Amino acid sequence: LRVLNLGTNFFFGNLTSDLSLVSSLEILDISNNFFSSSIPPAWGNLANLECLILERNSFVTGTIPTQLGQLTNLELLDVREMPGITGGVPQEVLDIPGIVVCEGSDPCESPKTA
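Criteria and cut-off values
- Sequence order sets the numbering: in each chain, residues are counted from 1 along the sequence as written.
- Totals for whole chains, interfaces and linings use every residue, but because this is a predicted model, local features are given only for residues with pLDDT of at least 70 and side-chain atom pairs only at 80 or more, for both listing and counting.
- Only hydrogens and water are set aside when side-chain values are computed; all heavy atoms of the structure are taken into account.
- What counts as a ring pair is set by centres within 6.5 Å for rings of Phe, Tyr and Trp (its six-membered ring), and what kind of pair is set by the plane angle: stacked under 30 degrees, edge-to-face over 60, tilted for all other angles.
- Secondary structure follows DSSP: runs of H or I at least 4 residues long count as helices, runs of E at least 2 residues long count as strands, and numbering of each begins at the N terminus.
- Burial classes: relative accessible area under 20% of the type maximum marks a residue as buried, over 50% as exposed, and values in between as partly exposed (1.4 Å probe, protein chains only).
- As used in this record, nonpolar core signifies buried Ala, Val, Leu, Ile, Met, Phe, Trp, Tyr and Cys residues forming a set joined through side-chain atoms within 4.5 Å.
- Contact criterion: two residues are considered in contact whenever any of their non-hydrogen atoms come within 4.5 Å of each other.
- Counted as salt bridges are all cases of a side-chain nitrogen of Lys or Arg within 4 Å of a carboxyl oxygen of Asp or Glu.

### What about the packing of aromatic side chains?
Scanning the model with the defined rule gives 1 aromatic pair in all. On the basis of an interplanar angle of 20 degrees and a centroid distance of 6.1 Å, the ring pair of F10 and F34 is categorised as stacked. Residue F10 is located in the loop between β1 (3-5) and β2 (12-13), and its partner F34 is located in strand β4 (residues 34-35); the two are separated by 24 residues in the primary sequence. For F10, a relative accessible area of 58% gives the class exposed.

Pasting the structure below:
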């Protein structure tokens, strides 16, 4: 499995660290849902992940895990319109070479689409 697009499905509940077991995952899009937990630090183990699209999950809370900085292939992190996130994007993530980070409510230029 390389692409998992669960966007705009009205899913709710907790984000699961079990997704970190899908080591082949390159694109994960869970945008426009109603998830209500923090972003699992274990997602930092998704070594092949290139795009992580979380936007418009207004009930996701907490901070963006510093472990996401281990995702050296990550090209896009989209955390737009997520008011429950505190502390901004960690420096470990911003230091990933070539990463595009989309936050706030600004338009986002995506290097890939899910």
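Back to the text.
### Description of the nonpolar core
With 26 residues, the main nonpolar core has L28, I39, W43, L52, L54 and L77 as its most contacted residues. If you look at the next biggest cluster of nonpolar residues, it comprises 6 residues, including I27, I53, C102 and C108.

### Some points on unusual backbone geometry
Positive phi is not limited to glycine here, since T8 has a value of about 55 degrees. We classify T8 as partly exposed; its relative accessible area is 46%. Even without being glycine, R56 reaches a positive phi, approximately 60 degrees. Structurally, R56 can be placed in the loop between β5 (51-53) and β6 (76-78). Looking at R56, the relative accessible area reads 34%, which means it is partly exposed.

### A short note on the environment of F35
Tracing the backbone through its elements, the reader meets F35 in strand β4. Residues F35 and G13 lie 22 residues apart in sequence; the distance between their C-alpha atoms is 5.0 Å. Residues in contact with F35, not counting those within four places in the same chain, are F11, F12, G13, N14, L15, I30, N57, F59 and V60.

### Regarding the pattern of salt bridges
Where charged atoms from two side chains of opposite charge come close, those side chains can pair. For the structure on display, the rule yields 5 salt bridges. Across the pair R80 and E55 runs a salt bridge whose closest N-O atoms are separated by 2.9 Å. Here R80 is found in the loop between β6 and α1 (91-94), whereas its partner E55 is found in the loop between β5 and β6, with 25 residues between them in sequence. A salt bridge links D78 to R80; the nearest nitrogen and oxygen atoms lie 2.9 Å apart. By relative accessible area, which is 3% here, D78 ends up buried. Of the residues examined, R80 reaches a relative accessible area of 12% and is grouped as buried.

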